[in-house]
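Topology and contacts: notes
Single-letter residue listing:
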Amino acid sequence: NAGVMQNPRHLVRRRGQEARLRCSPVKGHSHVYWYRQLPEEGLKFMVYLQKENIIDESGMPKERFSAEFPKEGPSILRIQQVVRGDSAAYFCASSPGAGSTEAFFGQGTRLTVV
Amino acid sequence: GIQVEQSPPDLILQEGANSTLRCNFSDSVNNLQWFHQNPWGQLINLFYIPSGTKQNGRLSATTVATERYSLLYISSSQTTDSGVYFCAVESPAGGTSYGKLTFGQGTILTVHP
């Protein structure tokens, strides 16, 4: 069984560009979570999605950040007009739902804004 | 929201030593997980342990939910155990918080040969 797959592993963007981060959950998992890890810090929740629905985006900045989990295809975290402070590791996790919230994490995408 | 505190923040060991990492949380939890973040940044699931005791090789974990803490034991440590150990909890609020994890700040473990 493939685990959570994230791509790209590393992403470099110039200030003002857009960053798109992709996450394919574990096969059969219907719950997807995005977390951000700033340098020397722990992981912070950003957004929780199920297929075609955003359930909780309380941890996501109100501007420039958006997330989706379409009926077909991976979940996407989009950051528009990136700034240096967006440089971080972005992790995606999935869980099966159906009574289990055990989370499985991808390898992360390391975003560097230059 | 729920608070998660891990101790110690840093730990340096010689290969072969044993260690205990602690995670305190401020409220009841639905879920508690331990992760190892290796030097390449990958997060590896160690235990899913909202209560009780589990063992996996040289690692074991115990969560005492009524007293709001969890312990991770590492025996006969190896250099490959180096990295950051995170505890993460899910509060039982349910609804939009279902599955949402709050992480501690981590314990940085360095094992010297």
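What counts, and at which threshold
- Residues numbered from 1 in each chain as written.
- Chains lettered and ligands numbered in written order.
- Predicted model: local features only at pLDDT ≥ 70, side-chain atom pairs only at ≥ 80, totals over all residues.
- Heavy atoms only, no water.
- Pairing = 2+ DSSP bridges.
- Helix = DSSP H or I, 4+ residues; strand = E, 2+ residues; numbered from the N terminus.
- Axes fitted to C-alpha atoms, helices over the stretch in contact; angles between N-to-C directions.
- Contact = heavy atoms within 4.5 Å.
- Buried area = accessible area lost by both parts, 1.4 Å probe.
- Polar contact = N/O pair within 3.5 Å; in protein donor to acceptor, adjacent residues only side chain to side chain.
- Nonpolar A, V, L, I, M, F, W, Y, C, P; charged D, E, K, R; others polar.
- Phe/Tyr/Trp six-rings, centres within 6.5 Å; stacked < 30°, edge-to-face > 60°.
- Buried < 20%, exposed > 50% of the residue type's maximum accessible area, 1.4 Å probe, protein only.
- Disulfide = S-S within 2.5 Å.
- Core = buried A, V, L, I, M, F, W, Y, C linked by side-chain atoms within 4.5 Å.

1. A short note on the sheet that holds strand β3 (residues 19-25) of chain B
All names here are of chain B. In spatial order, the strands read β1-β3-β8-β7-β6; together these 5 strands make up an open sheet with antiparallel pairing. Across the chains shown, the open sheet's two edge strands, defined by having one partner strand only, are β1 (4-7) and β6 (52-56). Taken over all neighbouring pairs, the strand axes of this sheet differ in orientation by 15 degrees on average, direction set aside. By the bridge criterion, 6 bridges tie strand β7 (residues 59-64) to strand β8 (residues 69-74) in an arrangement that is antiparallel. Note on β8: the bridge partner recorded for alanine 61 is leucine 72.

2. Some remarks on the interface of chain A and chain B
Between chain A and chain B, the residue contacts involve 26 residues of the former and 21 residues of the latter. Taken together, both faces of the contact between chain A and chain B bury some 1900 Å²; the carbon and sulfur share is 50%. A per-residue breakdown of the area chain A buries against chain B is headed by A:Leu43, A:Thr101 and A:Phe105, which together make up 28% of the total. Applying the counting criterion to the chain A and chain B interface returns 8 residue pairs in polar contact (both at pLDDT 80 or more). Each residue belonging to the side of chain A that touches chain B can be placed in one class, and the counts come to 11 nonpolar, 9 polar and 6 charged.

3. Overview of the sheet that holds strand β3 (residues 19-24) of chain A
Residues and elements named next belong to chain A. The 4 strands are arranged β1-β3-β8-β7 in an open sheet whose pairing can be described as antiparallel. Two strands lie at the open edges of the sheet, namely β1 (5-7) and β7 (65-68), each paired on one side alone. The mean inter-strand angle of the sheet, taken between neighbouring strand axes irrespective of direction, is 15 degrees. Bridging between β1 and β3 involves 3 bridges; their strand directions are antiparallel. Opposite glutamine 6, over in β3, you have cysteine 23 as the bridge partner.

4. Things to note about the packing of aromatic side chains
Applying the stated criterion across every chain yields a total of 8 aromatic pairs over all chains. Taking the centre distance of 4.6 Å and the plane angle of 10 degrees together, the rings of A:Tyr33 and A:Tyr48 count as stacked. Highlighted residues: A:Tyr33 in strand β4 (residues 31-37) and A:Tyr48 in strand β5 (residues 43-50), separated in sequence by 15 residues. Each of the two residues, A:Tyr33 as well as A:Tyr48, counts as buried. An aromatic cluster is built from A:Tyr35, A:Phe45, A:Phe105, B:Phe35, B:Phe86 and B:Phe103, whose rings are joined through pairwise contacts.

5. A few points about the state of the cysteines
Applying the stated criterion to the full structure yields 2 disulfides over all chains. A sulfur-sulfur separation of 1.8 Å characterises the disulfide bridge that pairs A:Cys23 with A:Cys92. For the disulfide bridge between A:Cys23 and A:Cys92, the dihedral angle about the S-S bond is near -55 degrees, and by the sign convention the bridge is left-handed. Here the residue A:Cys23 occupies a position in strand β3, and A:Cys92 occupies one in strand β9 (residues 88-95), the gap between them amounting to 69 residues. There is no split in this pair, since A:Cys23 and A:Cys92 are both buried. Residue B:Cys23 pairs covalently with B:Cys87 via a disulfide, S to S 2.0 Å. Across the S-S bond linking B:Cys23 and B:Cys87, the dihedral sits near -55 degrees, which makes this disulfide left-handed. Of this pair, B:Cys23 sits in strand β3 while B:Cys87 is found in strand β9 (residues 83-90), placing the two residues 64 residues apart along the sequence. The exposure class assigned to B:Cys23 is buried, which follows from its relative accessible area of 0%. The buried category is assigned to B:Cys87, whose relative accessible area is 0%.

6. What to know about the nonpolar core
Membership of the largest hydrophobic core comes to 23 residues, with the highest contact counts inside it found for A:Trp34, A:Met46, A:Leu77 and A:Tyr90. Where this core is concerned, the elements lending two or more residues are β3, β4, β5, β7, β8 (75-79), β9 and β11 (109-113) of chain A. When neighbours within four sequence positions are excluded, A:Leu77 is seen to be in contact with A:Ala19, A:Arg20, A:Leu21, A:Trp34, A:Met46, A:Met60, A:Ser66, A:Ala67 and A:Tyr90. Of all hydrophobic cores here, the second largest spans 21 residues; its members include B:Phe25, B:Trp34, B:Leu72 and B:Ile74.

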